[in-house]
Amino acid sequence: MAAQKDTLLARYKDMFRIRRFEEEAARGYAKGKIGGFLHLYIGQESIAVGASATLKPDDYVFQTYRDHGTAIARGTSTRAAMAELYGKDPGISRGLGGSMHFFDPANGFYGGYGIIGGHVALAAGAAFKSKYKKEGTVSMCFFGEGATNIGGFHEGASLAGLWKLPMVLVCENNTYAMGTPFSRTSPVEDITKKAAGYGMASDRFDGHDVQEVEARIGAAVELARSGGGPTLIEILTYRFRGHSMSDPGKYRTSQEVEERKKRDPLKVTKTQLESLGCSEDEILALENQVEEEIADAVQFAEEAPPARHDVMERSVYAPSNYVYPPVGQP
Amino acid sequence: MVPAPWILTCVKTMPKKNLVTALNEGLRSELAENPDVVVLGEDVGRVGGVFRVTAGLQEEFGSDRVIDTPLAEGGIIGAAIGMAMYGLRPIAEIQFSDFIFPAFDQIVSEAAKYRYRSGGEFPIPMVIRAPVGGGIRGGHYHSQSPEALFIHTPGLKVVCPSNPYDAKGLLKSAVKDNDTVMFFEPKRVYRAVKMEVPDGPYEIPLSQAKVVRPGEDVTVIAWGAMLFEALAAAESAQQQGVSTEVLDLRTLWPVDVESIMQSVRKTGRVVVVHEAPKTCGFGAELLTLVSEHAFLHLQAPPKRVTGWDTPFPYRLEQEYLPLQHRILPALLETAAY
């Protein structure tokens, strides 16, 4: 019971960190400190945190452009993440990428991808390398429900199934592909029906309970790691904010959003913590730690030097004496 | 952004419209004129498009003519080719030109070659609309200008208007054209420029460039959002005694060779401006054409002011773009050579 409480407290802290990071990112965006696009993960934190809990540091994780939460759950520092949003040199992609393009191999995070579906095949390639080199690692690829209609998804999933790769394909079905609900772009509602065509296992469940996410994804990770091949997982979730900061979200009603907020993963976990005997003060103490960390991250990003022209020029082609992979390099 | 001087030539009583509204009117007008015209793409129907260019069209023309598609660019363009082959005139929207590459195969392998491989019998009268260019800090997946890739593909036409008036007229011509037209919309201009645009239908023929500022000493060739930067640089150059002729290409391919040569023969000096990387950018082709057609008229080495040969940056966007502060020295140096 005590162990369960401590674990759940840690999960809560990880989710709360992502939530607060993104709320501050939204504030920075509103102030014009962050430009371009900002896609928030708010409402889906249980998935990044539950999934990351099942992975080892050297496993491979690929995510879409909605990538802050997963990177932070994998261990990307909130300082480096915020600095990237600000386009600053100490950012996780040295300020060259921005919100959608986090990249942190030192923490097993192989990128946010702005082109839908193409990264599924990339994740299959990483899984192939793992199998080829007998690493015992797993490649986990996140994508939205919208991505399951595009060729890139199909091609990557086919390879994963064909080659029995150590891979977990996690579809975060947050109901809307930008402004269009899945029901209007797919002839079937249950995405895991596609798994049969790829010869892979499947699972489908609600994603608001971080413990449930961890247990169910954990089973798929075990299967992949033990040589049982890939699993297609569909997790039903919901984003509380717009597709991006510029999306007023007129395609859904405020009642619908409010209804879904009742199952906010943070609220759900808080209730579970209370039933495990956790006090208000214990939770508040954790939250205060996170508040300090996020305030520090914002200040760090504000004061950091901007992205550098020479770094950009040097980043286009590899030098002839390049040693691969660049793990641990800032 | 500076107002373009030709705005002043419009009738004063006309309503002022931005590029989004002008394009929306162009689409509405084509849908109304021809029942074979259909619009398809991600979020184009109920939502009205990622930049709201198709707002209200599904309500007016129905969901069988303004069609929400799954997120599948290859499927959108492939299906549009099939529609066009059998008598429809599809207008497909790709949300950002950077997202066009899953459909690159369909465009390059099928659409561009269809008339050729059917012995001249089956054209593909289709328009592919896509926002291009930087200026919104979108980074490397939301800012590129891929026009040269399509110009390099025989069988495709490529259009890139700079302003609301031209956009509406060119869009209507593109829809009526019997070939596949890549219609690139400068997203930086979408809501940044308002000008007088007639409510009623009108067309601007493809392949006609426009001199938007006459000059004597040097020619600057531009299109899309960079046209405004070229105009601003021309104005600054004028204050330093250099008279610049600004040419808006409007249609990039087939390009209006004669208008370019007329201007270059007059000034003897030429600068090309584009957002795309320099190497093998459209500027390279334009300056080669100048060499072929007006070599003996040249009085200075031609110059290119372009994006860098790097992926499109996030933070360093304002340095990457060939803005007026980079165009002006090129004009002055070329004029002084």
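Residues numbered from 1 in each chain as written. Chains lettered and ligands numbered in written order. Predicted model: local features only at pLDDT ≥ 70, side-chain atom pairs only at ≥ 80, totals over all residues. Heavy atoms only, no water.

(A) Representation of the sheet that holds strand β2 (residues 37-41) of chain B in the model. All names here are of chain B. Read from one edge to the other, the open sheet built from 7 strands follows the order β3-β2-β4-β5-β7-β6-β12, with strand pairing classed as mixed. The sheet terminates laterally at β3 (66-68) and β12 (251-253), the two strands that pair on one side only. Strand after strand, the sheet turns through a mean of 20° between neighbouring axes, direction not considered. In terms of strand pairing, strand β5 (residues 127-132) meets strand β7 (residues 180-186) through 6 bridges, oriented parallel. Paired with proline 131 across the bridge in β7 is glutamate 185. Across the sheet, helix α3 (residues 73-85) lies against β2, β3, β4 (89-93) and β5, angled at about 170° from β4, the strand it touches most. (Pairing = 2+ DSSP bridges. Helix = DSSP H or I, 4+ residues; strand = E, 2+ residues; numbered from the N terminus. Axes fitted to C-alpha atoms, helices over the stretch in contact; angles between N-to-C directions. Contact = heavy atoms within 4.5 Å.)

(B) Local environment of the domain arrangement of chain B. Residues and elements named next belong to chain B. Domain boundaries in chain B define domain 1 (10-196) and domain 2 (210-336). Distance from the C-alpha centre of domain 1 to the C-alpha centre of domain 2: 26 Å. Counting from both sides, the interface comprises 27 residues of domain 1 and, opposite them, 27 residues of domain 2. For the pair domain 1 and domain 2, the two sides together bury roughly 2,100 Å², of which 59% comes from carbon and sulfur. Broken down residue by residue, the surface that domain 1 buries against domain 2 is led by Arg137, Ile151 and Arg188, which jointly contribute 28%. Where domain 1 packs against domain 2, one counts 2 salt bridges. (Domains from an automatic or database assignment. Buried area = accessible area lost by both parts, 1.4 Å probe. Salt bridge = Lys/Arg side-chain N within 4 Å of Asp/Glu carboxyl O.)

(C) Examining the packing of helix α8 (residues 226-239) of chain B against helix α12 (residues 324-336) of chain B more closely. Residue and element names in this part refer to chain B. Packing of α8 against α12 brings their axes to within 8 Å, and their N-to-C directions diverge by 50°. Put simply, α8 runs oblique to α12. Crossing geometry of α8 relative to α12 is assigned as right-handed. On α12, the residues that touch Glu229, Ala230, Ala232, Ala233, Ala234, Ser236 and Ala237 of α8 are Gln324, Ile327, Leu328, Leu331 and Leu332. A per-class count over the contact of α8 with α12 returns 9 nonpolar, 2 polar and 1 charged. (Parallel < 35°, antiparallel > 145°, perpendicular 65-115°, else oblique. Left-handed = near helix turned anticlockwise from the far one by under 90°. Nonpolar A, V, L, I, M, F, W, Y, C, P; charged D, E, K, R; others polar.)

(D) Broad picture of the environment of leucine 247 of chain B. All names here are of chain B. Tracing the backbone shows leucine 247 in strand β11 (residues 244-248). Along the chain, leucine 247 and leucine 227 lie 20 residues apart, while their C-alpha atoms are 8.3 Å from each other. Beyond its immediate chain neighbours, meaning those up to four positions away, leucine 247 contacts Ala209, Lys210, Val211, Val220, Ile221, Ala222, Leu227, Ser259 and Ile260.

(E) Representation of helix α9 (residues 257-267) of chain B. Residues and elements named next belong to chain B. Within α9, the full set of buried residues consists of Ser259, Ile260, Met261, Ser263, Val264 and Thr267. Its buried side turned inward, α9 meets β10 (218-222), β11, β13 (270-277) and α10 (282-294). Directly beyond the C-terminal end of α9, a positive phi value near 75° is found at glycine 268. (Buried < 20%, exposed > 50% of the residue type's maximum accessible area, 1.4 Å probe, protein only.)

(F) Spotlight on the interface of chain B and chain A. Facing the 33 residues of chain B at the interface are 40 residues of chain A. For the pairing of chain B and chain A, the buried interface totals around 2,800 Å² over both sides, and the portion due to carbon and sulfur atoms is 66%. Its largest share of buried area at the contact with chain A, chain B owes to Leu71, Tyr141 and Tyr314 of chain B, together 26% of the area lost on that side. Between the two partners, chain B and chain A, sit 1 salt bridge. A salt bridge links aspartate 68 of chain B to arginine 184 of chain A; the nearest nitrogen and oxygen atoms lie 2.7 Å apart. Each residue belonging to the side of chain B that touches chain A can be placed in one class, and the counts come to 16 nonpolar, 7 polar and 10 charged.

(G) Looking closely at the packing of aromatic side chains. By the definition in use, this model includes 25 aromatic pairs over all chains. Summarising the aromatic geometry, the rings of tyrosine 86 of chain B and phenylalanine 122 of chain B are spaced 5.9 Å apart at their centres and angled 65° between planes, so their arrangement reads as edge-to-face. Remark: phenylalanine 122 of chain B occurs in the loop between α5 (114-117) and β5 and tyrosine 86 of chain B occurs in the loop between α3 and β4; sequence separation between them is 36 residues. One aromatic cluster is present, built from ring pairs that chain together Phe37 of chain A together with Phe51, Phe96, Phe99 and Tyr190 of chain B. Residue placement shows arginine 117 of chain B over the ring face of tyrosine 114 of chain B; its charged tip is 5.1 Å from the ring centre. (Phe/Tyr/Trp six-rings, centres within 6.5 Å; stacked < 30°, edge-to-face > 60°. Lys NZ or Arg CZ within 6 Å of the ring centre and 35° of its normal.)

(H) Region of the structure containing the packing of helix α1 (residues 2-30) of chain A against helix α2 (residues 45-52) of chain A. All names here are of chain A. Between α1 and α2, whose axes approach to 9 Å, the crossing angle comes to 135°. Between α1 and α2, the angle falls in the class oblique. The two elements α1 and α2 meet at a crossing, and its hand is right-handed. Where α1 abuts α2, its residues Arg11, Asp14, Met15, Ile18 and Arg19 lie against Glu45, Ser46 and Val49. The residue inventory of the contact of α1 with α2, partitioned by class, reads 3 nonpolar, 1 polar and 4 charged.

(I) Spotlight on the confidence of the model for chain B. All names here are of chain B. Looking at chain B as a whole, its pLDDT mean stands at 95, while 96% of the residues score no less than 70. Segment residues 1-11: pLDDT under 50, and 23 contacts once partners within four positions in sequence are set aside and those in other chains are kept. Interface confidence for the predicted complex, given as ipTM, is 0.83, next to a pTM of 0.90. (pLDDT = per-residue confidence, 0-100.)

(J) Seen up close, helix α7 (residues 210-225) of chain A. Over its 16 residues, α7 of chain A runs 22 Å from end to end, which matches the ideal 22 Å to within 8%, given 1.5 Å per residue. Within α7 of chain A the residues assigned to the buried category are Val210, Val213, Ile217, Gly218, Ala220, Val221, Ala224 and Arg225 of chain A. (Expected span 1.5 Å × (residues − 1).)

(K) The arrangement of the pattern of salt bridges in detail. All names here are of chain A. Per the stated rule, a full pass over the model turns up 46 salt bridges over all chains. The partner of aspartate 206 in a salt bridge is arginine 263, and the shortest N-O contact between them spans 3.3 Å. Of this pair, aspartate 206 sits in strand β7 (residues 201-206) while arginine 263 is found in the loop between α8 (254-261) and α9 (265-275), placing the two residues 57 residues apart along the sequence. With relative accessibility at 34%, the residue arginine 263 sits in the partly exposed group. Through salt bridges that share partners, Arg20, Glu23, Glu24, Arg27 and Glu291 make up one connected network.

(L) Layout of the nonpolar core. By size, the foremost hydrophobic cluster in this structure holds 144 residues, and its most contacted members are Met167 of chain A together with Ile77, Leu249 and Ile260 of chain B. Broken down by element, this core gets its largest block of residues, 8 residues, from α8 of chain B. Sequence-distant contacts of isoleucine 77 of chain B, defined by excluding residues within four places in its chain, comprise Ala92, Ile94, Ala103, Gln106, Ile107, Met126 and Ile128 of chain B. Formed by 61 residues, the second largest nonpolar core is a distinct cluster that contains Phe16, Ala26, Met82 and Leu286 of chain A. (Core = buried A, V, L, I, M, F, W, Y, C linked by side-chain atoms within 4.5 Å.)

(M) Representation of unusual backbone geometry in the model. Proline 254 of chain B follows tryptophan 253 of chain B through a cis peptide bond whose omega is -5°. With respect to the element layout, proline 254 of chain B can be found in the loop between β12 and α9. The phi torsion at threonine 175 of chain A lies on the positive side, around 85°, for a residue other than glycine. Residue threonine 175 of chain A is classed as partly exposed on the basis of its relative accessible area, which comes to 23%. Unusually for a residue other than glycine, methionine 178 of chain A sits at a positive phi of about 55°.

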